[in-house]
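Coordinates in review
So you can see what is in the structure, the chains are spelled out below.
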Amino acid sequence: MTTLIYCFRDDLRLHDNPALTAACQQADHLLPVYVSPLPQTSRWGFARMSTRRSAFRHSALQGLASALQQQHSGLLLASGSLASVLPALASQIGASAIYCEDIATPEEQDELTALRASGLAVESFWQSTLLAPDSLPWADAQLPDQFTRFRQQVEAAAIQPAAPLPPPSLPPLPPAARQLIRPLAAMDYPPADPRSSFPFPQAAFVGSEAAALAHLAQYLQRGLPHSYKATRNGLHGIDYSSKFSTWLACGSLSARLVLQQLHAFEAEHGHSDSSYWLWFELLWRDYFKLLQRQHGRRLYHPGGLPQRASPPHNPAVFQRWMAGQTGHALIDAGMRELASTGYLGNRMRQIVASYLIHELQCDWRAGAAWFEACLLDYDCSQNQGNWLYLAGLGTDPRGGRRFNPDKQAAEYDADGDYRQLWSQP
Ligand SMILES: Cc1cc2nc3c(=O)[nH]c(=O)nc-3n(C[C@H](O)[C@H](O)[C@H](O)COP(=O)(O)OP(=O)(O)OC[C@H]3O[C@@H](n4cnc5c(N)ncnc54)[C@H](O)[C@@H]3O)c2cc1C
């Protein structure tokens, strides 16, 4: 009899989950577990996870727990570090190993190192990218240092992801674990701001796998891939971009499933430059995850990959940026939207980040930390990669990206509607 623990991390789904599928195939009894980290304060003095982001994850866990219950399994919830929770649990229920997904970011790597140091067998599986690293024509260390070269080589070699896996059948819970499983404690979610472009906690925008799959289906049914490229730089509204990111970040949606469904859409409704652009953007996501595999902790140096001197910083100016009180109407509108909703479109993310780094001369790491706290779609590799790219401290040899906020306002908010919408917190 083999008893295993499956430890969910940023893969809160049953569909296309190779690590979970492997655990289900190996185990006679399987205990699904999720360990929430204890609340932490960032070095910049604010909580690392806003109430809204923690509520979004709670909603994803609620969906996962009920999907597991439907298969007569369940989800055991604990809090702390993996190493403080799982060894005792494994010995209590007689589990011989932990199965989980592999995540390349340093804190997540450290968690598995500490777990292995406790003597537990840990099987981890890389599964968050579209493209499997071993399907690429280079080793991790030889990843092209520009996104364009990466994309061109992937496309020239016609590399495509493997097909997504169906949800597995869950083995029964270990008998000793049945009485340990308790329902997820209720949480009061902050209400959706009616101005939000991602109005969580409305039912269609909660973090569950069911909501993710329904969102993907309606996005394709409504033909939105064919208008995506023209609208993706929008500032306000639900449909200007796909809004897949929140579900991709907590893993209730698999990128491979998105691509498979997009290909099915294209087979039925035709390809367009616009539908291609969703693949293009999903490749950016892969690129930043692969960059994390390549460079690890080096991406966290204050001076970035070139290890330049620490950037300047001004705490009072940074406070005003976070609060949406810089005096620049477009920047302040974006920062209010971020704080009030936990979402900001890609264009506004670029504009406010560039403003903090290049105009306000503040430390990019402080900005990245504020995004970490607020963003419902926070994903460490994506956040770090994008901030480094804008600061000119990543791999791209062309230097940073500086956005002139007045020009951006004239181009993307010519009538001032967005600034008016967010003129108040
Ligand atoms: C400073 C900064 C910080 C960011 N932090 C995060 C983060 O923490 N988590 C996160 O998921 N994205 C982050 N992004 C990338 C991007 O802004 C979001 O993925 C996108 O806005 C999410 O909305 P969407 O799903 O509607 O995107 P769409 O435009 O519909 O794009 C489809 C998908 O492509 C991927 N994608 C799009 N743009 C990018 C990009 N610039 N980099 C990487 N992948 C991309 C995402 O997975 C997205 O869901 C950041 C961008 C910037 C400039």
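Residues numbered from 1 in each chain as written. Predicted model: local features only at pLDDT ≥ 70, side-chain atom pairs only at ≥ 80, totals over all residues. Heavy atoms only, no water.

1. A word on the site of the ligand
Defined as follows: For this purpose, a residue is taken to be near a molecule or strand whenever a single non-hydrogen atom of the residue falls within 4 Å of it. In protein, a polar contact requires one atom able to donate a hydrogen and another able to accept it; more generally it is a pair of N or O atoms within 3.5 Å, and residues adjacent in sequence count only if both atoms are side-chain atoms. Computed by Shrake-Rupley with a 1.4 Å probe, the accessible areas treat only the displayed protein chains as cover when residues are assessed. To qualify as a helix, a DSSP run of H or I must reach at least 4 residues; to qualify as a strand, a run of E must reach at least 2; elements of each kind are numbered from the N terminus. Residues are sorted three ways: Asp, Glu, Lys and Arg are charged, Ala, Val, Leu, Ile, Met, Phe, Trp, Tyr, Cys and Pro are nonpolar, and all the rest, Gly among them, are polar. Annotation comment: domain bounds sourced from an automatic or database domain assignment.
With respect to spatial proximity, 27 residues lie near the ligand, and among them Tyr228, Ser241, Ser242, Lys243 and Asn346 are the closest. With respect to the ligand, the side chain of Glu281 contributes an N or O atom lying 3.2 Å from a nitrogen atom. A distance of 2.7 Å separates an oxygen atom of the ligand from a polar side-chain atom of Asn346. Bound to the protein, the ligand loses 97% of the 810 Å² it would expose on its own. Mapped onto the shell around the ligand, the elements with two or more residues apiece are helix H8 (245-250), helix H10 (273-295), helix H13 (346-359) and helix H15 (380-391). Here the residues of the shell around the ligand sort into 13 nonpolar, eight polar and six charged. Among the domains, domain 2 (129-161 + 209-299) and domain 3 (301-421) are the pair contributing at least three residues each to the shell around the ligand.

2. Notes on the pattern of salt bridges
For the record, the criterion: By convention in these notes, a salt bridge is any Lys or Arg side-chain nitrogen within 4 Å of a carboxyl oxygen on Asp or Glu. Categorising residues by exposure relies on relative accessible area from a 1.4 Å probe, with only protein chains included: less than 20% of the type maximum marks a residue as buried, more than 50% marks it as exposed, and the intermediate range marks it as partly exposed.
All told, the structure shown has 17 salt bridges when counted by the stated rule. With its nearest N and O atoms 3.0 Å apart, the salt bridge here joins Asp140 to Arg293. Of this pair, Asp140 sits in the loop between strand E5 (121-126) and helix H5 (147-156) while Arg293 sits in helix H10; the two residues are 153 residues apart in sequence, bridging distant segments of the chain. Two residues, Asp273 and Lys229, come together in a salt bridge whose shortest N-O distance is 2.8 Å. Here Asp273 is found in helix H10, whereas its partner Lys229 is found in helix H7 (residues 228-231), with 44 residues between them in sequence. A relative accessible area of 32% means that Lys229 is categorised as partly exposed. Here the salt bridges share partners, and the residues they tie into one network are Arg48, Glu107 and Glu372.

3. Some words on H15
This is how the line gets drawn: One fewer than the residue count of a helix, multiplied by 1.5 Å, yields its expected span. Whether two residues touch is decided by their heavy atoms; if any such pair falls within 4.5 Å, the residues are in contact.
Over its 12 residues, H15 runs 16 Å from end to end, which matches the ideal 16 Å to within 8%, given 1.5 Å per residue. Those residues of H15 that fall on the buried side of the exposure criterion are Cys380, Ser381, Gln382, Asn383, Gln384, Gly385, Trp387, Leu388, Tyr389, Leu390 and Ala391. Contacts from the buried residues of H15 go to H10, helix H11 (315-323), H13 and helix H14 (364-374). A positive backbone phi angle near 75° is found at Gly392, which sits one or two residues after H15.

4. Details of the packing of H11 against H14
Spelled out, the test is: As a rule, the C-alpha atoms of each element are fitted with a line to give its axis, helices using only the stretch in contact, and angles between N-to-C directions run from 0 to 180 degrees. When describing relative orientation, an angle under 35 degrees is termed roughly parallel and one over 145 degrees roughly antiparallel, while 65 to 115 degrees is termed roughly perpendicular and anything else oblique. Should the near helix be turned anticlockwise from the far one by less than a right angle, the crossing is left-handed, and should it be turned clockwise, the crossing is right-handed.
Their axes nearest at 11 Å, the elements H11 and H14 cross at an angle of 30°. In this view, H11 runs roughly parallel relative to H14, as classed from their interaxial angle. Pair H11 / H14 crosses with right-handed handedness. Residues Phe318, Trp321 and Met322 of H11 touch H14, and the partners they reach there are Ala366, Gly367, Trp370 and Phe371. By residue class, the composition of the contact of H11 with H14 is six nonpolar, one polar and no charged.

5. Description of the nonpolar core
To keep it simple, the criterion reads: What we call a nonpolar core is a set of buried Ala, Val, Leu, Ile, Met, Phe, Trp, Tyr and Cys residues that are connected through their side-chain atoms within 4.5 Å.
Membership of the largest hydrophobic core comes to 71 residues, with the highest contact counts inside it found for Phe8, Leu30, Phe150 and Leu253. If you tally residues by element for this core, the top one is H10, at 11 residues. Those residues in contact with Phe150, other than ones at most four positions away along the chain, are Trp138, Leu143, Pro144, Leu283, Asp286, Tyr287 and Leu290. If you look at the next biggest cluster of nonpolar residues, it comprises 42 residues, including Leu299, Ala333, Leu344 and Cys374.

6. Considerations on the pairing of E5
The condition that has to hold: Between any two strands, at least two bridges found by DSSP are needed for them to pair. Look down the strands so they point away from you; if the path from the first strand over the helix to the second goes clockwise, the crossover is right-handed.
Relative to E5, strand E4 (residues 97-102) runs parallel, the two sharing six bridges. Looking at E5, one finds that Asp102 is bridged to Trp126. Viewed along the sheet, the connection from E4 through helix H4 (residues 106-117) into E5 turns out right-handed.

7. Quick look at the packing of aromatic side chains
Filter applied, for reference: Each aromatic pair joins two rings of Phe, Tyr and Trp (for Trp, the six-membered one) with centres within 6.5 Å, and gets the label stacked for planes under 30 degrees apart, edge-to-face for over 60, and tilted for any other angle. Counted as over-ring charges are cases with an Arg CZ or a Lys NZ within 6 Å of the ring centre that also lie within 35 degrees of the ring normal.
One pass over the structure, following the stated rule, counts 29 aromatic pairs. Centroid distance Phe147 to Tyr287: 5.9 Å. Interplanar angle 75°. Geometry classified as edge-to-face. Here the residue Phe147 occupies a position in helix H5, and Tyr287 occupies one in helix H10, the gap between them amounting to 140 residues. This pair shows no difference in class: Phe147 is buried, exactly as Tyr287 is. A network of ring pairs unites the aromatic residues Trp138, Phe147, Phe150, Tyr276, Trp277, Phe280, Trp284, Tyr287, Phe288 and Tyr389 as a single cluster. Between the NZ or CZ atom of Lys229 and the centre of the ring of Trp277, over which it lies, the distance is 4.1 Å. The aromatic ring of Tyr343 is capped on one face by Arg349, whose charged end is 5.3 Å from the ring centroid.

8. Comments concerning the packing of helix H6 (residues 209-221) against helix H9 (residues 255-269)
Look at H6 against H9: their axes get within 11 Å of each other, and the N-to-C directions meet at 25°. When the interaxial angle is binned, H6 and H9 end up roughly parallel. The hand of the H6/H9 crossing is right-handed. For the pair H6 and H9, contact is made by Leu213, Leu216 and Leu220 and by Leu257, Val258, Gln261, Leu262 and Phe265, respectively. Considered class by class, the residues forming the contact of H6 with H9 number seven nonpolar, one polar and no charged.

9. Some remarks on unusual backbone geometry
The peptide bond linking Phe200 to Pro201 adopts the cis configuration, its omega dihedral lying at 10°. Residues other than glycine seldom take positive phi values, yet Asp16 does so here, at roughly 40°. Tracing the backbone through its elements, the reader meets Asp16 in the loop between strand E1 (3-8) and helix H1 (18-26). By relative accessible area, which is 2% here, Asp16 ends up buried. The phi dihedral of Ala158 is positive, around 50°, even though this residue is not glycine. With respect to the helices, strands and loops of the structure, Ala158 is situated in the loop between H5 and H6.

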